[in-house]
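Structural features, examined
Chain by chain, the residues:
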Amino acid sequence: MAGTAGRRSRKPAPQEGSPTVTSPASLSQNTSAAPWQRAASGANLLSADGSLGVTIFEEMTTLALSTGAINLGQGFPDEDGPAEIKAAAQAAITAGANQYAPGKGIPELREAVAAHQERFYGLTPDPQTEVIVTTGATEAIAASLLAFIEPGDEVLTFEPFYDSYGAIIGLAGAKHVTAPLLAPEFLPDIDAMESAFSERTKVVLLNNPHNPTGAVFPREVLERVVELARKYDAVILSDEVYEHLTFGVQHLPIAGIPGAAERSVTISSAGKTFSFTGWKIGWLSGPAHLVAAIRTVKQFLSYSSGTPFQSAIAVGLALPDEFYAGIASALQHKRDILAEGLRAAGFGVYTPQGTYFINVDTAPLGISDSVDLARRLPELVGVAAIPVPVFCHPEGAERTRSLLRFAFCKKTEVLEEAAARLATLRDKL
């Protein structure tokens, strides 16, 4: 999941004198608006007067640079992934793998994706017809949505949601419907989720493990999603980019739930698992008829990309189980370092079960506006974060207005310093 994190699009910063989050309903479903306006509106990038605002990531990065703050806003690692994967990319470049890859991806990577799905989940996609390689998970999401939705359709996501979802839904002129994820576990309210489905629901867009909340959905939630998708004949689009970054719980792909396989498209990428976010190598798998429809759109977006990186990621997917266990264990340790500092600061800390991110509640500090605190944090303690309301529509923004998101996918020494700085916050407010 997106994203975020290298492969992902960015969040808006509200302009002075305008609401914290502008309504996506204003333009995203207005098919007379320009496509860029619908996309921007869907991603909360338009201010109240309709002008294009700067992103919250840009604002927080600027503040971090000007104050010397540690930037725990955008979720990308600050160190490279495995040396053997880098070496494989270098070898591929030297060997001349520098021209277009096949539109659906090189055979080695498609076969490696299929082998990965069988090895970890017992799924057996056909690498010839049921797997394609994409320019990151973001392109996979975009091509899938553009393949299946049109004006008048509804796309259901959970909220908070990764912003590229809203952008592409808006670009297509469809309606973005959300179901809330509620603290402290950030699991769906089942009644609200059921109410969010309708006869117009064309796609259910799932992000599991979930960015920005860090939730990992249990089987019973996934089973209910499948039941409802079957009832309303909706495609399930599952963004699982954090699949190997879970802590004490096992990721369960929705395609493995009975009744899901024939209507599910599973998306993942190399960026999060291997810490090579800049390579932009993603993939998707699913039944041949759905994959063929997505490929029809995808070939006119990027056609293909990253030829030498594709063969390198095939090497990565074949790494032993110890590697996958190790990256999750190391990230869990980093999570715990940052969580300690956040608790010392006086925040209410929601310990995530997965992803790069930890969410906190500012209310125990007597602060109800996380956007305002995010703007003050770099100067107060030298740490930057992202307010959760920017991942929401207006109602969701109000529900989450006291929540902040911090990224812990950084070097241990950086997180230790950030934790020490955060521990001084209570005395500086």
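Quick look at the structure, then. (Residues numbered from 1 in each chain as written. Predicted model: local features only at pLDDT ≥ 70, side-chain atom pairs only at ≥ 80, totals over all residues. Heavy atoms only, no water.)

Side note on the sheet that holds strand 3 (residues 154-159)
Rule in force here: Note: two strands are recorded as paired if DSSP finds a minimum of 2 bridges between them. Helix and strand definitions here come from DSSP, where helices need a minimum of 4 consecutive H or I residues and strands a minimum of 2 consecutive E residues; each element is numbered from the N-terminal end. When checking whether two residues touch, look at their non-hydrogen atoms; a contact exists if any pair is within 4.5 Å. For helices, the fitted line uses only the C-alpha atoms of the stretch in contact; every axis is such a line through C-alpha atoms, and the angle between N-to-C directions lies from 0 to 180 degrees.
What the 8 strands build is an open sheet, ordered 2-9-8-7-6-3-4-5; its pairing is mixed. Single-partner strands in this sheet number two, and they are strand 2 (131-135) and strand 5 (187-188). The pairing of strand 4 (residues 175-182) with strand 5 spans 2 bridges and is classified as antiparallel. Each bridged residue has a counterpart across the sheet, and for Leu181 the counterpart in strand 5 is Pro188. Running at roughly 160 degrees to strand 8 (residues 264-269), helix 5 (residues 136-148) makes contact with strand 2, strand 3, strand 6 (201-207), strand 7 (235-239), strand 8 and strand 9 (281-285) of the sheet. Against the sheet, helix 10 (residues 288-298) makes contact with strand 2, strand 7, strand 8 and strand 9, and its axis sits at roughly 30 degrees relative to strand 2, the strand it touches most.

Topic: the packing of aromatic side chains
This is how it is decided: Aromatic rings from Phe, Tyr and Trp, taking only the six-membered ring of Trp, are treated as a pair when their centres fall within 6.5 Å; an angle between ring planes under 30 degrees marks them as stacked, one over 60 as edge-to-face, and anything in between as tilted.
Applying the stated criterion across every chain, the model contains 17 aromatic pairs. Plain terms: the ring middles of Phe120 and Tyr121 are 6.2 Å apart, the flat faces sit at 50 degrees to each other, and that makes the pair tilted. Measuring from ring centre to ring centre gives 5.4 Å for Phe158 and Phe217, while their planes differ by 75 degrees; the resulting arrangement is edge-to-face. With Phe158 in strand 3 and Phe217 in the loop between strand 6 and helix 8 (219-231), this residue pair connects regions lying 59 residues apart in the sequence.

Quick notes on the pattern of salt bridges
Our working definition: Every case where a carboxyl oxygen of Asp or Glu lies within 4 Å of a side-chain nitrogen of Lys or Arg is listed as a salt bridge. For every residue, the accessible area (1.4 Å probe, protein chains only) is compared with the maximum for its type, and the residue is labelled buried under 20%, exposed over 50%, or partly exposed between those bounds.
Applying the stated criterion to the full structure yields 16 salt bridges. Between Arg375 and Glu59 there is a salt bridge, with its nearest N and O atoms 2.8 Å apart. One end of the pair, Arg375, is in helix 13 (residues 370-381); the other, Glu59, is in helix 2 (residues 56-67), with 316 residues separating them in the sequence. You can call Arg375 partly exposed: its relative accessible area is 25%. For the salt bridge of Asp321 with Arg119, the shortest nitrogen-to-oxygen distance reads 2.7 Å. Of the two residues, Asp321 sits in helix 12 (residues 321-345) while Arg119 sits in helix 4 (residues 107-121), which places them 202 residues apart along the sequence. In this structure Arg119 comes out as partly exposed when scored by relative accessible area, which is 34%. Through salt bridges with shared partners, a single ionic network connects Glu194, Arg224 and Glu227.

These figures capture arrangement, not role.
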